[in-house]
Amino acid sequence: MIISLQELNRFPVSHGISDRQISHVDFLKRMGIPSKGLIRLQQVHGGEVVKVDAETALSGEIPGADGAITDVKGITLSVRTADCLPVLFYDPEHNAIGIAHAGWKSTKEKIAKNIVEAMKANYRSVPSRVLVWMGPALRQCCYEVNSEFLMHFPDSVVKMAHKHYFDLVGENAEQLIAAGISAKNIFDCGICTACKNDEFFSFRKEKDKAGRMLSVIMLK
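Counting 34 residues, the largest nonpolar core has Leu85, Val87, Phe89, Val132, Met134, Phe166 and Leu176 as the members making the most contacts within it. The set of elements that each furnish at least two residues to this core consists of β8 (85-91), β9 (96-102), α3 (111-123), β10 (131-134) and α5 (168-178). It is α3 that provides the largest number of residues to this core, a total of seven residues. Filtering out sequence-adjacent residues up to four positions away, Val87 remains in contact with Gly98, Ile99, Ala100, Ala102, Val132, Trp133 and Met134. Core analysis: the next-biggest nonpolar cluster, separate from the first, contains 30 residues, Val52, Tyr90, Leu131 and Phe200 among them.

Backbone-to-backbone hydrogen bonds pair the strands of a sheet. The strands run either parallel or antiparallel. Here three strands make up an open sheet; going across it, the order is β11-β13-β12 and the pairing antiparallel. Looking along the sheet, the strands with just one partner apiece sit at the ends: β11 (144-145) and β12 (157-160). Looking at chain direction, β11 and strand β13 (residues 163-166) are connected through two bridges and run antiparallel. Note on β13: the bridge partner recorded for Val145 is His164.

The set of residues buried in helix α1 (residues 24-31) consists of Phe27, Leu28 and Met31. All buried residues of α1 project into a common sector of 95° when viewed along the axis, lining one side. In α1, those exposed residues whose orientation departs by more than 90 degrees from the buried face are Val25, Lys29 and Arg30. Residue Gly32 follows α1 closely and has a positive phi angle near 70°.

Rules used throughout
- Residues numbered from 1 in each chain as written.
- Predicted model: local features only at pLDDT ≥ 70, side-chain atom pairs only at ≥ 80, totals over all residues.
- Heavy atoms only, no water.
- Core = buried A, V, L, I, M, F, W, Y, C linked by side-chain atoms within 4.5 Å.
- Buried < 20%, exposed > 50% of the residue type's maximum accessible area, 1.4 Å probe, protein only.
- Helix = DSSP H or I, 4+ residues; strand = E, 2+ residues; numbered from the N terminus.
- Contact = heavy atoms within 4.5 Å.
- Pairing = 2+ DSSP bridges.
- Arc of directions from axis to C-beta.

This is how it looks when you write it as structure tokens:
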């Protein structure tokens, strides 16, 4: 299965997220995306965003980054996730894209907001016109955390039955809205990786046995 963002289908953008039933190689083949043009990030759970252009080396991972932007056609931005939130960005006015790997640590570093700021600085993107999609991730229903999270995310942690639960997706949405993204332009697939562990990898459920989903976005 390939998860597609219907709202992007009318634009010249290839995009999708794999499930646990398809290999990354087969996923890219079905997407019609050459693996040699795939941008891979080191994903260190930080807030750094890199600009990718025609001069960027495509071999190996880009060190230190959890987000990337580009306006070059044929370059595929990607992130790998198994509970963390993949966030895809498209600016139809300036034909630019972005992608973020938003775990709780990179969310604390405001990775999604940093993508918006990078697109503004490099492509003159107007945040209110940028489209954003959020993929499968560990949702608040299953994201039990310790009380320390209240210090980092006071508005996104709820207490239920003497336990604390973190709303990773809601926190990222609020950060995006604060960065100028219109709420109507944020599209969430609503899938919890733990609840649907038979279809999606979940580190919370599987620990070190968990594989990774691949999320991609590319300008045609």
